Amino acid sequence: MASRLRKPPDPQKLSPLVQSFFGGLKLMPIFTVGYEGLDIDVFMSLLAEHNVETVVDIREIPLSRKPGFSKKSLTSALHFSGFKYVHMVNLGCPKPVRNCYREDGDWKRYKQGFLKHLKKQKAPIAELSDLAGSSNCALLCYEADFNFCHRSMVANAVRDYSGMRVEHIRAVTV
């Protein structure tokens, strides 16, 4: 006699605690944050306000003219404040795509070029999804407006891979 396997319950209809046991929805979002217009102290405060544990730097070249935001100094400041730092170079925007955008300012072309690159980054997206499933992560890049930054596309790729929701951290301006 064949045994009948019961279909597991719909995770959407379960409490968050039970969802976590069923491997349902990810309870932690993946955050994105841009440091344009921020100093390092305000940046750190935003991370703390959102309970970020790990900053994932997705700049291809993690250098900045803005004090405190180049890789070495940023890593030190983050560690001093209790945050982890991870640099994922493969999720940065390739130089040819950046250069083309600098020349023509065509966001649509930039987006197409970056998404073409991102489609080839299955392993880094899987790695980032795993990390974000175990640590409250914020994807870091420069631009204040996530709508015009590649970090929103990376975050959406993580969402598509893992089901995790995306939240964009923004400083409140007065």
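Further up the page is the structure itself.
Since we're looking at a predicted model, the values are computed, not measured.

(A) Structural view of the overall build of the chain. Each helix and strand in the chain was counted, giving 7 helices and 5 strands. Overall, the chain shows an N-to-C arrangement of helices and strands of α-β-α-β-α-β-α-α-α-β-α-β. Considering the chain as a whole, with its 174 residues, one finds that 39% of them fall into the buried category. Pairs at least 24 apart in sequence give 74% of the contacts found in the chain among residues at least 6 apart.

(B) Quick peek at the nonpolar core. Membership of the largest hydrophobic core comes to 22 residues, with the highest contact counts inside it found for Ile30, Leu91, Leu118, Leu128, Leu139 and Val154. Broken down by element, this core gets its largest block of residues, 5 residues, from helix 7 (residues 150-162). What Leu91 contacts, discounting residues up to four positions off in sequence, is Ile58, Phe114, Leu118, Gln121, Pro124, Ile125, Leu128, His150 and Val154. Counting 18 residues, the second-largest nonpolar core is a separate cluster that includes Phe43, Val52, Phe69 and Ile169.

(C) Layout of the sheet that holds strand 1 (residues 30-34). Pairing within the open sheet is parallel, and its 5 strands lie in the order 3-2-4-1-5. What marks the edges here is a single partner per strand, and that holds for strand 3 (84-87) and strand 5 (166-169). Strand-to-strand twist of the sheet, defined as the mean angle between neighbouring strand axes without regard to direction, takes the value 25 degrees. Relative to strand 4 (residues 137-141), strand 1 is paired through 4 bridges, and the arrangement is parallel. Across the sheet, Gly34 pairs through a bridge with Cys141, a residue of strand 4. Helix-sheet contacts for helix 3 (residues 71-80) involve strand 2 (54-57), strand 3 and strand 4, and the interaxial angle to strand 3 is about 150 degrees. Packed onto the sheet, helix 7 meets strand 1, strand 4 and strand 5 and runs at close to 175 degrees relative to strand 1.

About the cut-offs
Residues numbered from 1 in each chain as written. Predicted model: local features only at pLDDT ≥ 70, side-chain atom pairs only at ≥ 80, totals over all residues. Heavy atoms only, no water. Helix = DSSP H or I, 4+ residues; strand = E, 2+ residues; numbered from the N terminus. Buried < 20%, exposed > 50% of the residue type's maximum accessible area, 1.4 Å probe, protein only. Contact = heavy atoms within 4.5 Å. Core = buried A, V, L, I, M, F, W, Y, C linked by side-chain atoms within 4.5 Å. Pairing = 2+ DSSP bridges. Axes fitted to C-alpha atoms, helices over the stretch in contact; angles between N-to-C directions.

By themselves, these observations are geometric and do not establish any function.
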